[in-house]
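Residue-level structural notes
One letter stands for each residue in the lines below.
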Amino acid sequence: LDRFASEAESWSRHYATASWTKPSHASLLTGFHPETHRAINLEEAMDPAIPTLAERLGNVGFDTAALVFDCTWLSPRWGFGKGFDSYRVTRWRAERQARMAAEWILDHRDDQFFFFLHTFEPHSDFSILPYEAPGLTRQKIGELFGVAGFGCRGGRCASQFVNGLHRQEVVAEPRDAEILRHSYDEGVRYLDRALGELFNTLRSSGVWERLLIVVTSDHGEAFGERGEYGHNTVHEEIVRVPLMVKWPDGGNAGVIRSTPRSSVDLAPTLLAIAGLDVEGLPGEDLRLPRTRREVFAGTLAKAVIDGNDKAIFAGSLPARFFDLGDDPGERTDIAGAEPSR
């Protein structure tokens, strides 16, 4: 990914529209905020009246395909397969996904196409360890940290264990955050290797220069910040995610932008490059200066970011305000403080 970033334009303050998988991905693939696409709660699908990127591009002759990990939330039942010629859901790990993605792309090298690859690493998993990667075992964690049987506590394992820590239903132990971060990092390293194989295959095949490639994420993760775990809030570690775009002409390689952007900006960018109308979409083309100052994130809890100013609104709780310039970790709520400017 470091090598990819050197060939791409990156945004250091890019925000997902939600803190969890379904609504965040629905925004990526439609260009609309959760309140519009409606895939907000556990049992809600995307509004079928809203066209997806795959539909819009398919209507003008693009071949469209997706390869996604079977994590429940990207199932076609929620509308994610709409517009794709092929929408394949598997339990493959990232390495195999990368090989299959390379195969599909090279088979379509002479066509206009839109290919969506979704990997589940380094997301929290559903077996024993909260975050998994090849070679990472409970025994290995025990050797590294002197903690036996990590991953389950109080009858909760994996993702349920992480969420139990967050809700204080599982008693936290001193090395939990350190072990969770290490496990997550192992997942990142594994994904990095898998993407490296994919990118190197595309480079050696001669198609690399012609491809527009976007690398981004749907949410981040907390590791004990403010006593929080998992992805249950709209603090920076959750909703501020990577965005790297390798343009077909190699333009702006290595450039890093600090202006806050939103994942709803991706759809109008890709559609405009394809020559399609973007009227009615709330986002703006990433190639142009952003005219709207505010960036929005969240569903039940909501965040508004304007420069270094950030506000969080969560139901009946008092609004919280942070100055990200002075307090990037959002430790000090300045609501009610005397304005400094």
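Report follows, based on the coordinates. Please read all numbers here as calculations on a predicted model, not as lab measurements. (Residues numbered from 1 in each chain as written. Predicted model: local features only at pLDDT ≥ 70, side-chain atom pairs only at ≥ 80, totals over all residues. Heavy atoms only, no water.)

1. Quick word on the sheet that holds strand E15 (residues 294–298)
With respect to topology, four strands assemble into an open sheet ordered E15-E16-E17-E18, the strand pairing being antiparallel. Edge positions in the open sheet fall to E15 and strand E18 (320–323), since each of these has one partner strand only. Each adjacent strand pair in this sheet contributes to an overall mean axis angle of 20 degrees, direction not counted. The pairing of E15 with strand E16 (residues 301–306) spans five bridges and is antiparallel. Note on E16: the bridge partner recorded for Ala-297 is Ala-303. (Pairing = 2+ DSSP bridges. Helix = DSSP H or I, 4+ residues; strand = E, 2+ residues; numbered from the N terminus. Axes fitted to C-alpha atoms, helices over the stretch in contact; angles between N-to-C directions.)

2. Details of the state of the cysteines
Within the structure shown, the criterion is met by one disulfide. Two residues, Cys-152 and Cys-157, share a disulfide whose sulfurs are 1.9 Å apart. In this structure, the disulfide formed by Cys-152 and Cys-157 twists by about 110 degrees around the S-S bond and is classed as right-handed. The class for Cys-157 is partly exposed, based on a relative accessible area of 23%. No disulfide involves Cys-71; its nearest neighbouring cysteine sulfur is the one of Cys-157, lying 20 Å away. (Disulfide = S-S within 2.5 Å. Buried < 20%, exposed > 50% of the residue type's maximum accessible area, 1.4 Å probe, protein only.)

3. Re the pattern of salt bridges
Summed over the entire model, instances satisfying the criterion amount to 24 salt bridges. Between Glu-121 and Arg-93 there is a salt bridge whose closest N-O contact spans 2.3 Å. Pair noted here: Glu-121 is in the loop between strand E5 (113–118) and helix H6 (138–145) and Arg-93 is in the loop between strand E4 (86–90) and helix H5 (94–107), with a separation of 28 residues, a long-range link. Residue Glu-121 is classed as buried on the basis of its relative accessible area of 8%. When the shortest N-O distance is used, the salt bridge between Arg-261 and Asp-265 registers 3.0 Å. Judged by its relative accessible area of 0%, Asp-265 falls in the buried class. Via salt bridges that share partners, Glu-236, Arg-240, Lys-310 and Glu-330 belong to a single interconnected network. (Salt bridge = Lys/Arg side-chain N within 4 Å of Asp/Glu carboxyl O.)

4. Brief notes about the environment of Ile-40
Structurally, Ile-40 is set in the loop between helix H3 (34–37) and helix H4 (53–58). Looking at Ile-40, the relative accessible area reads 13%, which means it is buried. The contacts of Ile-40, once residues within four sequence positions are left out, are Trp-20, Pro-23, Pro-34, Glu-35 and Thr-299. (Contact = heavy atoms within 4.5 Å.)

5. Comments concerning a nonpolar patch on the surface
A contiguous nonpolar patch, built from Phe-313, Phe-321 and Ile-334 and spanning about 250 Å² of accessible area, is present on the exposed surface. Relative to the assigned elements, Ile-334 resides in the segment after E18. By relative accessible area, Ile-334 is classed as partly exposed at 36%. (Patch = residues over 30% accessible without salt bridge, like charges linked within 9 Å, V, L, I, M, F, W, Y side chains within 5 Å. Areas by Shrake-Rupley, 256 points an atom, 1.4 Å probe, with all protein chains shown as cover.)

6. What about the environment of Ser-86?
Assignment of secondary structure puts Ser-86 in strand E4. Those residues within four positions of Ser-86 in sequence are excluded, and the remaining contacts are Thr-64, Ala-65 and Ala-66.

Nothing here speaks to function; it is all geometry.
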